Amino acid sequence: MTVISRFLEQAAQTPDALALTFLEDNRSWTYAELRAEVEGWAASLQDRGIGPGDRVSAVMDQRPESVLLHLALLQLGAVLHPIGTSATPAEVAGLIEDIEPSLVVGPGQDLGGTGRSDTPLPGEDDLACILSTSGTTGRPKGSLTTHGNLGANADALIEAWGISSSDTILHLLPLHHVHGLFVAIHPFLLTGGSVILGGRFSPDTVVAHIDRATVLMGVPTFYTRLLDDDRVGHDLLGHMRLFTSGSAPLLAATHREWEQRTGHRILERYGMTEIQMALSNPLDGERRAGTVGMPLPGLEARIRSASGSLVGVGEAGVLEVRGPTVSPGYWRRPDATEESRTDDGWFITGDVVTRSRDGYHTIVGRTSDMIISGGLNVYPKEVEDVLDGVPGVVESAVIGVPHRDFGEAVLAVCVGEAEQEAVIATARARLSAYKVPKAIEWVPGLPRNSMGKVQKAALRDRFAGTFDA
Ligand code: MCA
Ligand code: AMP
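What this report covers is the structure whose coordinates are included nearby.

Basis of the calculations
- Counting of residues starts from 1 at the beginning of each chain's written sequence and follows it residue by residue.
- Chain labels run from A onward and ligand labels from 1 onward, assigned in the order the entries are written.
- Local features in this predicted model are restricted to residues of pLDDT 70 or higher, and side-chain atom pairs are both shown and tallied only at a pLDDT of 80 or more, whereas totals for entire chains, interfaces and linings draw on every residue.
- Hydrogens and waters are ignored; side-chain quantities use all the structure's heavy atoms.
- Nearness of a residue to a molecule or strand requires only that one of the residue's heavy atoms be within 4 Å of it.
- We define a polar contact as two N or O atoms separated by no more than 3.5 Å, with the added condition that, inside protein, one atom must be a possible hydrogen donor and the other a possible acceptor, whereas residues neighbouring each other in sequence contribute only through side-chain atom pairs.
- Per-residue and other accessible areas follow the Shrake-Rupley method at a 1.4 Å probe size, with only the shown protein chains counted as cover for residues.
- Under the DSSP-based scheme used, a helix requires at least four consecutive residues in state H or I and a strand at least two consecutive residues in state E, with every element numbered from the N terminus.
- Two strands form a pair only when DSSP identifies at least two bridges running between them.
- Comment: axis = line fitted to C-alpha atoms, over the contacting stretch for helices; angle = value between 0 and 180 degrees taken between N-to-C directions.
- Remark: nonpolar core denotes a set of buried residues (Ala, Val, Leu, Ile, Met, Phe, Trp, Tyr, Cys) joined through side-chain atoms within 4.5 Å.
- Note on exposure labels: buried denotes an accessible area under 20% of the residue type's maximum, exposed denotes more than 50%, and partly exposed covers the range between, all computed with a 1.4 Å probe on protein chains only.
- Contacts are assigned to residue pairs with any non-hydrogen atoms lying within 4.5 Å of each other.
- Grid spacing is 1 Å over the protein atoms alone, the probe is 1.4 Å, and a cavity is where that probe fits but cannot get out, while a pocket is an open set with protein on both sides within 12 Å along at least five of seven lines and lining residues have an atom within 4 Å of a point.
- Grid points are joined across faces, edges and corners, and a volume is the space filled by probe spheres set on the points.
- Side-chain classes are defined by residue name, with Ala, Val, Leu, Ile, Met, Phe, Trp, Tyr, Cys and Pro counting as nonpolar, Asp, Glu, Lys and Arg as charged, and the others, Gly among them, as polar.
- Salt bridges, as used here, are contacts in which a Lys or Arg side-chain nitrogen is within 4 Å of a carboxyl oxygen on Asp or Glu.
- Orientation categories follow fixed angle ranges, with anything under 35 degrees roughly parallel, anything over 145 roughly antiparallel, 65 to 115 roughly perpendicular, and all other angles oblique.

1. Considering the site of ligand 1
- Around ligand 1, the structure places 26 residues, and the nearest of them are Arg 225, Ser 247, Arg 269, Ser 373 and Arg 428.
- Interatomic distance of 3.4 Å between a backbone N/O atom of Gly 271 and an oxygen atom of ligand 1.
- Contacts to ligand 1 include Gly 375, whose backbone N or O atom sits 3.0 Å from a nitrogen atom.
- Coverage of ligand 1 by the protein amounts to 78% of the 1000 Å² it exposes when considered alone.
- Going through the elements one at a time, α6 (178–183), α9 (220–227) and β12 (267–272) are the ones with two or more residues in the shell around ligand 1.

2. Some details on the sheet that holds strand β16 (residues 317–322)
- If you trace the four strands from one edge of the open sheet to the other, you get β15-β16-β17-β18, paired in antiparallel fashion. Looking at the sheet topology across the chains shown, the edges are occupied by β15 (300–304) and β18 (361–366). Going from strand to strand, the sheet's axes swing by 50° on average, the running direction of each strand aside.

3. Focus: the environment of Val 79
- Structurally, Val 79 is set in strand β4 (residues 79–83).
- For the pair Val 79 and Leu 144, spaced 65 residues apart in the sequence, the C-alpha separation amounts to 9.6 Å.

4. Let's talk about the nonpolar core
- Ranked by internal contacts, the top residues of the largest apolar core, which has 85 residues, are Phe 7, Leu 34, Leu 45, Leu 69, Leu 189, Met 217 and Trp 258.
- Ranked by residues supplied to this core, first place goes to helix α3 (residues 64–76) with eight residues.
- Every residue in contact with Trp 258, bar those within four places of it in the chain, is listed here: Tyr 223, Leu 226, Leu 227, Val 232, Leu 237, Phe 243, Gly 263, His 264 and Ile 266.

5. Re the pairing of strand β9 (residues 194–197)
- Burial of the side chains of β9 extends over both faces: Ser 194 and Ile 196 are buried on one face and Val 195 and Leu 197 on the other.
- Note: strand β1 (residues 18–22) against β9, three bridges, orientation parallel. Directly across from Phe 22, in β9, lies its bridge partner Leu 197.
- The pairing of strand β8 (residues 168–171) with β9 spans four bridges and is parallel. Its bridge partner lying in β9, Thr 168 is registered against Ser 194.

6. So, empty space enclosed by the protein
- In this structure the tally under the stated criterion is one cavity of 30 Å³ or more.
- Its volume calculated, the largest cavity comes out at about 50 Å³.
- Trp 41, Val 59, Met 60, Asp 61, Glu 65, Ser 66, Leu 69, Val 105, Gly 106, Pro 107, Gly 108 and Gln 109 are the residues that line the largest cavity.
- Top element by residues in the lining of the largest cavity is α3. It accounts for three residues.
- Residues belonging to the lining of the largest cavity are distributed by class as follows: six nonpolar, four polar and two charged.

7. Focus: the pattern of salt bridges
- A full pass over the atoms with the stated rule returns 28 salt bridges.
- One salt bridge in this structure joins Asp 155 and Arg 6, with 2.9 Å as the shortest N-O distance. Highlighted residues: Asp 155 in helix α5 (residues 147–161) and Arg 6 in helix α1 (residues 3–13), separated in sequence by 149 residues.
- When the shortest N-O distance is used, the salt bridge between Arg 333 and Asp 335 registers 3.3 Å.
- Overall, Arg 333 belongs to the buried group, its relative accessible area being 8%.
- Since its relative accessible area comes to 41%, Asp 335 is described here as partly exposed.
- Within this structure, Glu 24, Asp 25, Arg 27, Arg 63 and Glu 65 form a network of salt bridges that share partners.

8. A short note on the packing of α1 against α3
- Remark: α1 packs on α3, axes separated minimally by 9 Å, with the N-to-C direction vectors making an angle of 110°. Taken together, the axis directions place α1 and α3 in an arrangement best described as roughly perpendicular. Residues Val 3, Ile 4 and Leu 8 of α1 form the contact with α3, whose own contacting residues are Leu 71, Leu 74 and Gln 75.
- When its residues are assigned to classes, the contact of α1 with α3 shows five nonpolar, one polar and no charged.

9. A short note on the site of ligand 2
- Taken together, 16 residues are adjacent to ligand 2, and Glu 268, Arg 269, Thr 273, Asp 351 and Asn 377 come closest.
- In the environment of ligand 2, a nitrogen atom lies 2.7 Å from a nitrogen or oxygen atom belonging to the backbone of Arg 269.
- Looking at the shell around ligand 2, the elements that each hand over two or more residues are β12 and β18.
- Per-element accounting of the shell around ligand 2 gives the leading share, five residues, to β12.
- A class-by-class count of the residues in the shell around ligand 2 yields seven nonpolar, five polar and four charged.

Here it is, written out as structure tokens:
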């Protein structure tokens, strides 16, 4: 079963239930209305020549049009390639060059129509989405996601987190990632639950509208910002059923403080674009602070050391995952696809983890020097390439250092002589704002090992206190 076939079935079963609400202009859709609108969008996309297998790149702002487009493309069997609203023209151009879409849709564009498309519903092996990530080389990689991948992820979450028609999510996540587009929407629309789109996260939105919700899904920055707000406590949040956190490490201290203030234990889970959700703390058992729990239903996890052997309890190694949510590979990148999996078919996450005797996983590091800032991944190479092009910058090393609000923040360590403002202005013109260094440190030279490789660990230690986390 696919997400779209089950959504259509759900709409037939609970036509009058509330499916989607948009806070900004108070629009809402029952299941029957949402289904009719999705069908109209699919028909109008078909009129524009979009059919099964065609790729559509779209800037996905946090509005219902993004959800409608996603569902309509699922129905048509066309392939959505979501782009974030913070992408600069240079970034959009690079992504589009990689994907070569048939159609590009701007933010908030209304493609509504009437009638119905006449294409058959796609099957589980058909491609549903391509999600661009960057990578160690800075070249875009499009992670292929099938209808079967999406269905399996929704199933696992519905079962593990007990999502049902009694649930309403206050949705405040960006709509171009697995977290906001799949995890925080599909399980609700496949069970008769309800999604309230609240736009960009802010504590004010949570305070004003959380009384209508039972579930909140966030990145750790949501929780630290909420804890900074005096209005947040048991009175405001006592009625909630579930708080989840993911995309970046949640500090054990935040987990504990949240429980003290609200009486709720945040359920932390772990995922990745290429595998969707893989590990999760239990709904009913112990939600252990600082851990990401165990494999979700249908998923298998193993941990291997650098020598390739399986590690013992408490020993660190690289996490590998297998199961029906794992992407079949990267768009037009057989090299990257092959590199990302073992000979016996496990996906290599690159995250370094340990497992406790009773099966709880803890993320202890990463094999790549990727930075996660406020739940968004920043690939140093991409930023370094831009900085190195600024006149006066001889070379640069981009690292992540602790930051109270974003968990990690981007810091550029540069050699050379250039106006700070000019460097930042160039970065801003080329890169999404979240990738732009929050500070620059000038040094006479970068530390290198005997192979000539920049020693980023040494730089991370040296500049760990930059933002006084
Ligand atoms: C915005 N800025 C950021 C970030 N977000 N800088 C660093 N890191 C960020 N994450 C920039 C803004 O553009 C602005 O720049 C300045 O920082 C201050 O912005 P602020 O108003 O504080 O930010 P915001 O708009 O409130 O956004 C912060 C946020 C947001 C709410 C934490 O970044 C967010 O929603 N993050 C969630 C990301 C997410 O959904 N990740 C899932 C992907 P300037 O002042 O220069 O303009 S990972 C995934 O999907 C996997 C599968 C998983 O496991 O979930
Ligand atoms: P992305 O490629 O944007 O999907 O980001 C995936 C990465 O986010 C993973 O490889 C992890 O490094 C990180 N991640 C996701 N969830 C967690 C978590 N709960 N704790 C620590 N890191 C996480």
